[in-house]
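# Structural description and commentary
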Amino acid sequence: MTSTPPHAPGGIASSPKIELEGVCQTFLINGKPLPVLQGIDLRVYRGEFVSLIGPSGCGKSTLLNIIAGLEEPTQGLIRTDGRQAHGRLGAIGYMHQKDLLLPWRTVLDNAVLGLELRGMSRSQARRQALGLMEQFGLKGFEGSYPSLLSGGMRQRAAFLRTVLADQEVILLDEPFGALDALTRANMQEWLLGLWESWGKAVLMVTHDVEEALLLSDRLYVLTARPGRVKMVLSVELKRPRRYEMVTSEAFVRMKAQVIATLREEGSRPTQSEGQA
Amino acid sequence: MREEPVHGAGAASRSRRYPSLVGQWGPPGVILLLALAAWEGAVRLFHVQRWLLPPPSSIGAELWESRSLLLRHTWVTLEEVLLGFALALVVGVALATAIAYSRIVERAAYPFVIASQTVPIVAIAPLLLIWIGYGIWPKVMVVVLISFFPIVVNMVDGLKSVDPDMLSMARTLGASRWQLFTKVQAPASVPFLFSGVRVAIAMSVIGAVIGEWVGASAGLGYLMMRSAPQFLTDRVFASIFILSIMGIALFALVVLAERYAMPWYQWEKREKALGGR
Ligand SMILES: Nc1ncnc2c1ncn2[C@@H]1O[C@H](COP(=O)(O)OP(=O)(O)O)[C@@H](O)[C@H]1O
Ligand SMILES: [Mg+2]
């Protein structure tokens, strides 16, 4: 399969923000080992937007958990800024598939959670968050409880919480997975604008090929479980990206290529299903 | 870009969901009045002896005529209830936290917590009397014993049922273990704590009365015990009436505190009742 070597935008010698080398993860299910990730090599450079796409159950969320520091891999190395990273937990932003807003906190108080946990006073943290409400489409709902918000608003509130925590790398696990198509398209454009003005490194898991191509600098395609890197694709579209690009010839060609790669994986039974 | 919140229809739909005061208290009020009228009518019609079953009117008269006596005993009982309940709350929350955080404490303490409920309280009340002596404390202890159980059990459930993903989320934001407790687990368990407290407050009144039956020189339970052999049946009924009012009032206070402490919970319950998102 085609594999473009990763480029390093913004610096010749800058070491990647995140670098995985031969990461493996095996879970024990009823005493039997279940290999979920096998030898993952992956890099995310400063200011880069990278997507991770693959069949469901291939270990994408597991990989993000490992990078965030919630789990340790059974094998392999993880470096941040070129150094082996032991205490990653708390240093890397992670937005889970679910919005995980605390139902007893208002939108504003949910947003400031990360600042508060780092010891900032709630009033100072609130002041900082209030300035961003407009940009996150939450103006007027600062005092609302999450249960009263729509899915898109909840997701943006979770986004704001992640962004305010101001970590240098942000992991996103299917951030738009639970949204309807229209809200989803709006949110993609919004995130694109946000990220372009922002310059943080992002690693996003998605199952939407179009979304991955539209947003990313590079795209990793994983195999079915146990997940391995099947293809790395550099998305050669100029920035700023616009939604109209999805009809461009280059876009359509890349999309067909990624879908064909995923198809091969989809038709192949996963290891455990094969045994069953 | 902005979407409307799911149920942002505003005041109109909101007031429809809150039953009005009349709607809430009307039906039980009517039933109560009808029952009292039937009681009064039956007693008069069949010439039931006063000492056997007094009519509501004479219970009402007794409430008024003996008001200073009743009030004095009411304060005694209320003091036992409040003191016992407060102690049960402190002990219950502390014990629940220890149980939720330590396997060892859970294994060691939980069997006793459950065993404490299988021991008939009426049977150990005389022992408390022997051990602690007369005065307020044996009654307070009975109240604690009877009401700490629902608090502990519900609080433990609450602390344990926190979504593990929420804890992970807080950890990726840099939360320490103590912060995980204060910012996530403790607030998440508050609704559970309140369900325990609702049960506990009602049981507290029962506990105080049982304590007074076993040995007391004051309180509504004591007054009932003393009045029954003298066939002051309307005084017994007056005491029962006051105890019921006390129980209902304390329960209502808990519900008010709940609404005040967890405005979000009311909304969430309503959203769920409406079929969720
Ligand atoms: N903590 C765990 N213990 C055991 N199995 C797990 C655990 N976490 C994930 N798995 C399993 O690993 C596989 C990959 O899960 P996941 O990373 O969530 O996949 P994806 O996000 O790609 O859909 C699944 O089969 C899942 O059941
Ligand atoms: Mg997943």
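Residues numbered from 1 in each chain as written. Chains lettered and ligands numbered in written order. Predicted model: local features only at pLDDT ≥ 70, side-chain atom pairs only at ≥ 80, totals over all residues. Heavy atoms only, no water.

## Structural notes on the interface of chain B and chain A
The cut-off we apply is this: Any two residues whose heavy atoms approach within 4.5 Å at even a single point are treated as in contact. Simply put, the buried area is the total loss of 1.4 Å probe accessible area from both parts when two parts are fitted together. Salt bridges are defined as contacts in which a side-chain nitrogen from Lys or Arg sits within 4 Å of a carboxyl oxygen from Asp or Glu. Pairing of N or O atoms within 3.5 Å defines a polar contact, subject to two protein rules: one partner must be a possible hydrogen donor and the other a possible acceptor, and residues neighboring in sequence count only if both atoms are side-chain atoms.
Across the boundary between the two partners, chain B contributes 29 residues, which contact 38 residues of chain A. Here chain B packs against chain A, burying approximately 3100 Å² in sum over the two surfaces, 64% of which is carbon and sulfur. For the pair chain B and chain A, the number of links is three salt bridges. The shortest N-O distance in the salt bridge between B:Lys183 and A:Glu116 comes to 2.7 Å. Counting every contact that joins chain B to chain A gives five residue pairs in polar contact (both at pLDDT 80 or more).

## Quick look at a nonpolar patch on the surface
Residues and elements named next belong to chain B. As a reminder, the rule being used: Residues enter patches when their relative accessible area tops 30% and they take part in no salt bridge; the joining distance is 9 Å for like charges and 5 Å for the nonpolar side chains Val, Leu, Ile, Met, Phe, Trp and Tyr. All accessibility values rest on the Shrake-Rupley procedure with a 1.4 Å probe; residue burial counts only the protein chains present in the view. Counting from the N terminus, the helices are DSSP H or I runs at least four residues long and the strands are E runs at least two residues long.
On the surface, a nonpolar cluster with roughly 770 Å² of combined accessible area is contributed by Leu83, Leu87, Val91, Leu127, Ile130, Trp131, Ile132 and Trp137. Elements supplying a minimum of two residues to the nonpolar patch: helix H4 (67–101) and helix H6 (121–132). Top contributing element to the nonpolar patch by residue count: H6, with four residues. Within the fold, Ile130 resides in helix H6.

## Some remarks on the nonpolar core
Note the threshold: We define a nonpolar core as any set of buried Ala, Val, Leu, Ile, Met, Phe, Trp, Tyr and Cys residues linked to one another through side-chain atoms lying within 4.5 Å. Only protein chains enter the calculation, and the probe is 1.4 Å; a residue is then buried if its accessible area is under 20% of its type maximum, exposed if over 50%, and partly exposed in between.
Of all hydrophobic cores here, the largest spans 61 residues; its most connected members are B:Ile151, B:Val152, B:Val184 and B:Leu220. For this core, the element with the most residues is helix H9 (residues 177–214) of chain B, which contributes 13 residues. Within the second largest apolar cluster, 52 residues are counted, among which are A:Met95, A:Phe159, A:Leu194 and A:Val258.

## Looking at the domain arrangement of chain A
All names here are of chain A. Cut-off, in case you're wondering: Where each domain begins and ends follows an automated or database-derived domain assignment.
Partitioning chain A into domains gives domain 1 (1–7 + 14–92 + 170–276) and domain 2 (97–166). Centre-to-centre separation of domain 1 and domain 2, based on C-alpha positions: 26 Å. Listed per partner, the contact involves 15 residues of domain 1 and 11 residues of domain 2. For the pair domain 1 and domain 2, the two sides together bury roughly 1100 Å², of which 67% comes from carbon and sulfur. Across the domain 1-domain 2 interface, the total number found is one salt bridge. Of the charged contacts, one joins Asp166 and Lys200 as a salt bridge, the two residues approaching to 2.8 Å between their closest N and O atoms. Taken together, domain 1 and domain 2 are joined by three residue pairs in polar contact (both at pLDDT 80 or more). If you list the elements that add at least two residues to the side of domain 1 that touches domain 2, you get strand E7 (169–173) and helix H6 (181–196).

## A look at the domain arrangement of chain B
Its domain assignment divides chain B into domain 1 (1–48) and domain 2 (55–275). Placing a centre on the C-alpha atoms of domain 1 of chain B and another on those of domain 2 of chain B gives a separation of 26 Å.

## Description of the environment of A:Trp195
Residues and elements named next belong to chain A. Inspection of the secondary structure assignment puts Trp195 in helix H6. Sequence separation between Trp195 and Glu48 is 147 residues; the distance between their C-alpha atoms is 9.5 Å. Those residues within four positions of Trp195 in sequence are excluded, and the remaining contacts are Gly47, Glu48, Phe49, Lys200, Val202, Asp217 and Arg239. Side-chain polar atoms of Trp195 contact the backbone oxygen of Lys200, separated by 2.7 Å.

## Focus on the pairing of strand E8 (residues 201–206) of chain A
Residue and element names in this part refer to chain A. As a reminder, the rule being used: By definition, two strands form a pair when at least two bridges between them are found by DSSP. The handedness of a crossover follows from its direction of travel: if, with the strands pointing away from the viewer, the path from the first strand over the helix to the second runs clockwise, the crossover is right-handed.
The buried fraction of E8 is high, at six of six residues. Neither face of E8 is left uncovered, since the one carrying Ala201, Leu203 and Val205 and the one carrying Val202, Met204 and Thr206 both have all their residues buried. Bridging between strand E3 (residues 49–53) and E8 involves five bridges; their strand directions are parallel. Counted as the bridge partner of Leu52 is Val205 from E8. With five bridges connecting them, E7 and E8 associate as parallel partners. Counterpart to Ile170 in the pairing with E8 is Val202. Handedness of the crossover is the feature at issue here: the chain leaves E7, passes through H6, returns alongside E8, and the resulting connection is right-handed.

## A word on the packing of H4(B) against helix H11 (residues 233–261) of chain B
Residues and elements named next belong to chain B. Going by this rule: Lines fitted to C-alpha atoms define the axes here, with helix axes fitted over just the stretch in contact, and angles between the N-to-C directions of these axes take values from 0 to 180 degrees. Oblique is the label for any angle not covered by the other classes, which are roughly parallel (under 35 degrees), roughly antiparallel (over 145) and roughly perpendicular (65 to 115). Less than a right angle of anticlockwise turn of the near helix away from the far helix marks a crossing as left-handed, whereas a clockwise turn marks it as right-handed. When residues are sorted by character, Ala, Val, Leu, Ile, Met, Phe, Trp, Tyr, Cys and Pro go into the nonpolar class, Asp, Glu, Lys and Arg into the charged class, and all the rest, Gly among them, into the polar class.
Between H4 and H11, the shortest axis-to-axis distance is 11 Å and the interhelical angle comes to 40 degrees. Regarding the angle of H4 to H11, the classification is oblique. In this structure, the crossing between H4 and H11 has a hand that is right-handed. Where H4 approaches H11, its residues Leu69, Leu70, Thr74, Thr77, Leu78, Val81 and Leu82 are matched on the opposing element by Arg235, Ala238, Ser239, Ile242, Leu243, Met246 and Leu250. For the contact of H4 with H11, the residue count by class is 10 nonpolar, three polar and one charged.

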